[in-house]
Amino acid sequence: MIVLRRVLVKSVHGAFGYVMEHYYPFGMADEAAEQGALTDTYAVISIQDSHTQGFGFQFTENQFCKGVLTLLFDDIVSEVDGAVLFNDEMADQTIEFIEQYKSFVDTLLIHCYAGQSRSRAVGAFAVDMLGGDNSKYFEEGSPNQYIYDVLETAWVRLQLAKM
């Protein structure tokens, strides 16, 4: 049984780079392994901007990527015309996704455009939800507090519903 070893928060470019570290051309698996290609399994929470309907690409499952949750919302903390605010439904989807993959992959990869606010909030929450210390997420950056609070509230609500 695999147990989630790490939560990675990246920009969209960093996430793409991480995924490409797992790629190798057909027939070159041994050479790729010798050159340090990653072989861990991962699941992706892909946070994309609503105003552009995403970044123009989607992560997909493969031998390394075991699951993808794509969410379209913007880096805001209150209703803004033309933008999408993170909500309870997205929080529930996020929590369910983390629950589903926490014992199934080595790495939870979370990205947004810059890897600073939205993904950092989700990453901090995921680490806390899994029983880890998430203080580095707050010390080294500025997570979107609204998103973090919505996730925490949803987590408490879901835990109470199980009782």
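Structure's up top.
Quick caveat: nothing in here was measured; it's all calculated off a predicted structure. (Residues numbered from 1 in each chain as written. Predicted model: local features only at pLDDT ≥ 70, side-chain atom pairs only at ≥ 80, totals over all residues. Heavy atoms only, no water.)

(A) A look at the layout of surface pockets. Computed from the structure, the largest pocket encloses a volume of approximately 200 Å³. Every residue lining the largest pocket is listed: F16, V19, H22, Y23, Y24, Y42, F57, Q58, F59, T60, N62 and F64. A per-class count over the lining of the largest pocket returns 8 nonpolar, 4 polar and no charged. (1 Å grid on protein atoms, 1.4 Å probe; cavity = no way out; pocket = protein on both sides within 12 Å on 5 of 7 lines; lining within 4 Å. Points joined across faces, edges and corners; volume = space filled by probe spheres on them. Nonpolar A, V, L, I, M, F, W, Y, C, P; charged D, E, K, R; others polar.)

(B) Representation of the environment of Q100 in the model. Along the chain, the position of Q100 falls in helix 3 (residues 88–101). The exposed category is assigned to Q100, whose relative accessible area is 54%. (Helix = DSSP H or I, 4+ residues; strand = E, 2+ residues; numbered from the N terminus. Buried < 20%, exposed > 50% of the residue type's maximum accessible area, 1.4 Å probe, protein only.)

(C) Summary view of the pattern of salt bridges. The full count for this structure, using the stated rule, is 5 salt bridges. In this structure, the salt-bridge partner of R157 is D92, at a minimum N-O distance of 2.7 Å. Of this pair, R157 sits in helix 6 (residues 145–162) while D92 sits in helix 3, and the two are 65 residues apart along the sequence. Since its relative accessible area comes to 18%, D92 is described here as buried. (Salt bridge = Lys/Arg side-chain N within 4 Å of Asp/Glu carboxyl O.)

(D) Fine view of the packing of aromatic side chains. In this structure the tally under the stated criterion is 11 aromatic pairs. On the numbers, 4.8 Å between centres and 55° between planes, the contact of F73 with F86 is tilted. Taken together, the residues F73 in the loop between strand 3 (65–72) and helix 3 and F86 in the loop between strand 3 and helix 3 connect sequence positions 13 residues apart. Assigned by exposure class, F73 and F86 land together as buried. Taken together, a centroid distance of 6.4 Å and an interplanar angle of 75° make the contact between F125 and W155 edge-to-face. Residue F125 is located in helix 4 (residues 118–129), and its partner W155 is located in helix 6; the two are separated by 30 residues in the primary sequence. Given a relative accessible area of 1%, F125 falls into the buried group. The structure contains a cluster of three or more aromatic residues connected by ring pairs, namely F16, F55, F57, F59 and Y113. The ring of F73 has R118 lying over it, and the distance from NZ or CZ to the ring centre is 6.0 Å. K136 extends its terminal NZ or CZ atom over the ring of Y137, reaching a point 5.4 Å from the ring centre. (Phe/Tyr/Trp six-rings, centres within 6.5 Å; stacked < 30°, edge-to-face > 60°. Lys NZ or Arg CZ within 6 Å of the ring centre and 35° of its normal.)

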